Every structure is written in C-alpha cells, then in structure tokens.
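# Observations on chain architecture
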2 protein chains.
Amino acid sequence: MYIINIKDCEEKAVKSERTLNTTLRWLLSSEHGVPNFEMRCFDIKKEGRTRYGSHPHEHEVLVLEGKGVLNINGEKKKIKPYDAIYIAPDEYHQFINEGEDTLRIICLIPKGKEDHHK
Amino acid sequence: MYIINIKDCEEKAVKSERTLNTTLRWLLSSEHGVPNFEMRCFDIKKEGRTRYGSHPHEHEVLVLEGKGVLNINGEKKKIKPYDAIYIAPDEYHQFINEGEDTLRIICLIPKGKEDHHK
C-alpha cells in the first residue's frame with residue numbers, strides 16, 4: 001500500500017511546447033510499483049491549457065475543481081467538477097481553463113506511456 | 001469520447017455480503033469502450049463499510065469527500081479528501097466511513113476484474 005495526498009506530491013511545471021500555466025503531479029506511478037496504470041493530477045491554472053494533440057493510448061479523466069473546456073477532435077465541450085471523461089486512443093484533445101480558479105483534473109494512462117513527462 | 005457526471009450515472013447498491021450502506025457507479029467501463037482499466041465511484045454512506053478481503057488485482061483510489069479509515073492488512077489508516085491510494089494485488093483492504101457524511105471515493109481496476117458487481 002502506498003498513500004499520498006495531492007498537496008504533498010511534488011508539483012512540476014509541464015514543459016511541453018504549447019502547454020501553458022499547467023503543472024503535473026505523479027500521484028501513483030511505476031515508481032510506487034503500480035502494475036498497469038498511472039494516476040496523475042494536472043492543475044491547469046488561470047489562462048492555462050494543455051497542448052492540442054493525440055497519441056495511441058487512452059486517457060481516463062475526472063474533473064475535480066474549476067471550469068473549462070475540452071477541445072475534442074476540434075469540438076469544444078464544457079466540463080465541470082465530477083465529470084468523468086474517456087478519451088479514446090488517437091483522439092485529439094486539449095483541456096482549456098476558462099475560469100478564474102485552477103482547473104484541476106486527475107488523468108490516468110496505461111503505465112509507461114508518458115514517461116517523457118517525468 | 002464519452003463523458004458523464006457522477007450525479008448522472010446510475011447508482012446501485014453493492015450487494016456483496018459484509019458490505020454495508022455502500023453504492024457503486026460505473027463511470028468509465030468496458031460498456032464505454034475503455035481498453036485497459038475501469039473507473040468507478042463508491043459512496044460509503046454513514047455507518048457504511050466495504051467488505052474486508054483481497055483479490056489478485058490492484059486498486060487505485062482517490063478519496064473525494066468525507067472521512068474514514070482504510071483497514072489495510074489489519075492496520076487502520078485514516079484517510080481524507082485528495083488522498084491517492086495504491087492497494088497492491090492480494091493486499092487485504094476495507095474502507096470504513098467514520099464520519100457523519102458520505103465517504104466518496106473513486107476506485108480504478110484493470111478492465112473486467114469486477115464484472116460480478118455490474
């Protein structure tokens with residue numbers, strides 16, 4: 001068993017090109033021995049957004065706080081707390097904060113698929 | 001892409017023996033096309049608890065609301081909102097609500113491992 005609170009997990013700026021005002025915390029990852037999938041928390045701060053792009057692995061997301069928009073394959077969809085979102089492999093996607101406060105989401109991926117962000 | 005808010009997802013009582021006052025929502029599951037892992041929401045209501053037991057697959061949990069205890073291999077650990085918890089395969093575990101309000105958690109599993117709860 002491993003337990004960590006979001007506030008105690010190291011917060012790193014996402015250094016991907018075209019990602020703005022966004023930080024990442026690896027809550028449960030290969031470093032903690034997980035066998036199959038990894039849980040991260042993204043804080044997309046005021047005027048922040050993730051990059052618009054796609055990849056061959058899926059995302060499973062839960063919105064925790066804030067308000068914003070999911071740009072999914074070019075279509076914009078409003079998102080709010082406790083929205084659970086499945087983004088299928090190869091779908092283009094981008095999260096955009098449209099509020100005054102942080103848009104906080106958790107995002108799960110198959111293990112090892114985004115180690116370049118570690 | 002598939003999106004659902006927790007409040008709009010069907011809430012079912014967990015009918016497992018030794019589980020008390022607990023409901024389950026399948027937020028993102030095989031029915032929605034997910035390829036690898038499934039996201040559920042458990043509401044462990046006042047005086048509720050999940051069964052104490054183990055299985056060969058892991059859990060990845062995020063506490064959303066409420067307060068309670070995780071009984072992990074016989075040791076009791078207090079849990080609170082935004083605690084992320086990895087429960088490894090074959091670890092004995094039980095969530096116990098110790099507050100006045102609902103203890104709400106999300107719990108992810110490898111796809112297909114708990115279809116008996118569907």
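A brief structural summary. (Residues numbered from 1 in each chain as written. Chains lettered and ligands numbered in written order. Predicted model: local features only at pLDDT ≥ 70, side-chain atom pairs only at ≥ 80, totals over all residues. Heavy atoms only, no water.)

### Observations concerning the pairing of strand β3 (residues 20–28) of chain B
Residue and element names in this part refer to chain B. For β3, the buried fraction is high: seven of the nine residues fall into the buried class. In the sheet, strand β2 (residues 12–13) pairs with β3 via two bridges, with the strands oriented antiparallel. Within β3, the position partnered with Lys12 by the bridge is Leu24. Hairpin connection, β2 to β3: the antiparallel pair is bridged by six residues, and Arg18 has positive phi, about 75 degrees. Note: β3 against strand β4 (residues 37–49), seven bridges, orientation antiparallel. Bridging across to β4, Thr22 finds its partner in Ile44. (Buried < 20%, exposed > 50% of the residue type's maximum accessible area, 1.4 Å probe, protein only. Helix = DSSP H or I, 4+ residues; strand = E, 2+ residues; numbered from the N terminus. Pairing = 2+ DSSP bridges.)

### Quick word on the side chain of Arg40 of chain B
Residues and elements named next belong to chain B. Take Arg40: it is sitting in strand β4. Judged by its relative accessible area of 0%, Arg40 is buried. Within the structure, the side chain of Arg40 is placed 3.2 Å from the side chain of Glu114, a separation counted as a polar contact. (Polar contact = N/O pair within 3.5 Å; in protein donor to acceptor, adjacent residues only side chain to side chain.)

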